[in-house]
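Each chain is listed here by its residues.
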Amino acid sequence: MIIHLQQVIDKPTIDVINEKLAQHTFTDGKLSAGAGAKSVKNNQQLSVDQKAQGLVDFTLQRMLRNPWVEAALRPKTIARSMINRYQNEQSYGVHVDDALMNQARTDISFTLSLSALDEYQGGALTIDEHSGERSWRLDAGDVLIYPSHFLHQVEPVTAGQRTALVGWCQSWVRDAQQRALLFDMQQAVMQEFEAKGRSEQYLLLSKSYQNLLRMWMD
Ligand SMILES: O=C(O)CCC(=O)C(=O)O
Ligand SMILES: [Fe+2]
């Protein structure tokens, strides 16, 4: 399941994050690339001192506060997160993300855009699904959440700057299909509650949802 959620962080907060970011420096993104991805990674990443780490954490927490982000990730551990930037034709060629980061399994990758669509050209995140490639250009405050097992790339940024929070998460629910099913069921439970309150159907649906979650958590 690949989920594109729009406006998970509001525009004024994105503006504050970008203002703060302007006071920090960026270094070569190759420094954090695994051996397999180093040769195709051509971007910059926020150099992390204590203050910059605070900004990464603040952005991450704001994103995780969104209930749909929470439902899509079911985060057990955020294995790693960083702010990256592409400009002047920079790109990140086809790669797969490392399976293990900081003692955590990476089930899910995510990109939260800090740049508006009119602030950069190119820069699509392209994912090689089994049925073919699909691309997303993200607006400021949008997040793309995708299973870490796919090959993916960031197309060259041909004008402007594309800045994003990227991260990897170990989920309570390891299997992507199970997560997708729970994501749908959670919506069904909520819709039933909104339409009919604590109906018989609501009780059965929420019981099944909670018990599937209990069964699949690891
Ligand atoms: O910037 C992005 O959207 C994704 C970057 C990426 O694939 C990575 O850092 O592994
Ligand atoms: Fe990646």
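Everything quoted here is computed from the prediction, not taken from an experiment.

Engineer: How should I be thinking about empty space enclosed by the protein in this particular structure?
Structural biologist: Any empty space left between atoms is shown by rolling a water-sized probe over those atoms. Under the counting rule described, the total for this entry stands at 1 cavity of 30 Å³ or more. Taken together, Met-1, Ile-3, Ala-72, Ile-108, Ile-145, Pro-147, Ala-176, Arg-179 and Ala-180 make up the lining of the largest cavity. Within the residue set of the lining of the largest cavity, elements represented by two or more residues are strand 13 (143–147) and helix 4 (176–196). Considered class by class, the residues forming the lining of the largest cavity number 8 nonpolar, no polar and 1 charged. Both domains that meet at the lining of the largest cavity, namely domain 1 (3–171) and domain 2 (176–216), each give it at least three residues.

Engineer: Where do I start with the UniProt feature "domain: Fe2OG dioxygenase" (unreviewed entry) in the protein in this structure?
Structural biologist: Mapped onto the present numbering, the UniProt feature "domain: Fe2OG dioxygenase" (unreviewed entry) falls at residues 77–171. With 0% helix and 64% strand, residues 77–171 has end C-alpha atoms that lie 7 Å from one another.

Engineer: Would you take a moment to explain the coordination of the iron ion (ligand 2) for this structure?
Structural biologist: Protein coordination of the iron ion (ligand 2) is provided by His-95 (NE2), Asp-97 (OD) and His-152 (NE2), with donor distances spanning 2.1 to 2.2 Å. Read from N- to C-terminus, the donor residues coordinating the iron ion (ligand 2) fall into the pattern H-x1-D-x54-H. You can see Asp-97 sitting in the loop between strand 6 (91–95) and strand 7 (100–101) and its partner His-152 sitting in strand 14 (residues 151–154), a full 55 residues away along the chain. Across the pair, exposure class does not vary: Asp-97 and His-152 are buried alike.

Engineer: How should I be thinking about the pattern of salt bridges in this particular structure?
Structural biologist: Oppositely charged side chains may form a pair once their charged atoms are brought near each other. For the structure shown, the criterion picks out 4 salt bridges. For Glu-129, the salt bridge is made with Arg-134, and the minimal N-O distance between the two is 3.8 Å.

Engineer: Help me understand the packing of aromatic side chains in this model?
Structural biologist: Describing an aromatic ring pair means giving the distance of the ring centres and the angle of the ring planes. Applying the stated criterion across every chain, the model contains 2 aromatic pairs. Note on Trp-68 and Phe-183: the rings are 5.8 Å apart at their centroids and 70 degrees apart in plane angle, and the pair reads as edge-to-face. Of this pair, Trp-68 sits in helix 3 (residues 67–73) while Phe-183 sits in helix 4; the two residues are 115 residues apart in sequence, bridging distant segments of the chain. Lying over the aromatic face of Phe-26, Arg-85 brings its terminal NZ or CZ to 4.1 Å of the ring centre.

Engineer: Explain helix 2 (residues 50–64) here, please?
Structural biologist: Residues separated by three or four positions in an α-helix point in the same direction, a consequence of the helix having 3.6 residues per turn. Over its 15 residues, helix 2 runs 21 Å from end to end, which matches the ideal 21 Å to within 8%, given 1.5 Å per residue. For helix 2, every residue scored as buried is listed here: Ala-52, Leu-55, Val-56, Thr-59, Leu-60, Met-63 and Leu-64. Axial view of helix 2: buried residues confined to an arc of 165 degrees, hence all on one face. Facing away from the buried surface of helix 2 by more than 90 degrees, the exposed residues are Gln-50 and Lys-51. Where helix 2 begins, the capping side chain belongs to Asp-49, and its oxygen is found 3.2 Å from the backbone nitrogen of Lys-51.

Engineer: Honestly, a nonpolar patch on the surface in this entry has me stumped. Any pointers?
Structural biologist: The grouping of Val-94, Val-96 and Leu-151 at the surface amounts to a nonpolar patch, some 230 Å² of accessible area in total. Position of Val-94 relative to the elements: it lies in strand 6.

Engineer: For this particular structure, what's the right way to read the nonpolar core?
Structural biologist: Generally speaking, nonpolar side chains in soluble globular proteins are found buried as a group. Grouped together as the largest cluster of nonpolar side chains are 31 residues, with contacts concentrated most on Met-63, Val-69, Leu-73, Phe-110, Val-143 and Ile-145. Per-element tally for this core: the top contributor is helix 2, with 6 residues.

Thresholds applied
Residues numbered from 1 in each chain as written. Chains lettered and ligands numbered in written order. Predicted model: local features only at pLDDT ≥ 70, side-chain atom pairs only at ≥ 80, totals over all residues. Heavy atoms only, no water. 1 Å grid on protein atoms, 1.4 Å probe; cavity = no way out; pocket = protein on both sides within 12 Å on 5 of 7 lines; lining within 4 Å. Points joined across faces, edges and corners; volume = space filled by probe spheres on them. Helix = DSSP H or I, 4+ residues; strand = E, 2+ residues; numbered from the N terminus. Nonpolar A, V, L, I, M, F, W, Y, C, P; charged D, E, K, R; others polar. Domains from an automatic or database assignment. UniProt positions renumbered as here; feature names shortened; annotations may be inferred. Donors = N, O, S within 2.8 Å, 3.2 Å for Na, K, Ca; no water. Buried < 20%, exposed > 50% of the residue type's maximum accessible area, 1.4 Å probe, protein only. Salt bridge = Lys/Arg side-chain N within 4 Å of Asp/Glu carboxyl O. Phe/Tyr/Trp six-rings, centres within 6.5 Å; stacked < 30°, edge-to-face > 60°. Lys NZ or Arg CZ within 6 Å of the ring centre and 35° of its normal. Expected span 1.5 Å × (residues − 1). Arc of directions from axis to C-beta. Polar contact = N/O pair within 3.5 Å; in protein donor to acceptor, adjacent residues only side chain to side chain. Patch = residues over 30% accessible without salt bridge, like charges linked within 9 Å, V, L, I, M, F, W, Y side chains within 5 Å. Areas by Shrake-Rupley, 256 points an atom, 1.4 Å probe, with all protein chains shown as cover. Core = buried A, V, L, I, M, F, W, Y, C linked by side-chain atoms within 4.5 Å.

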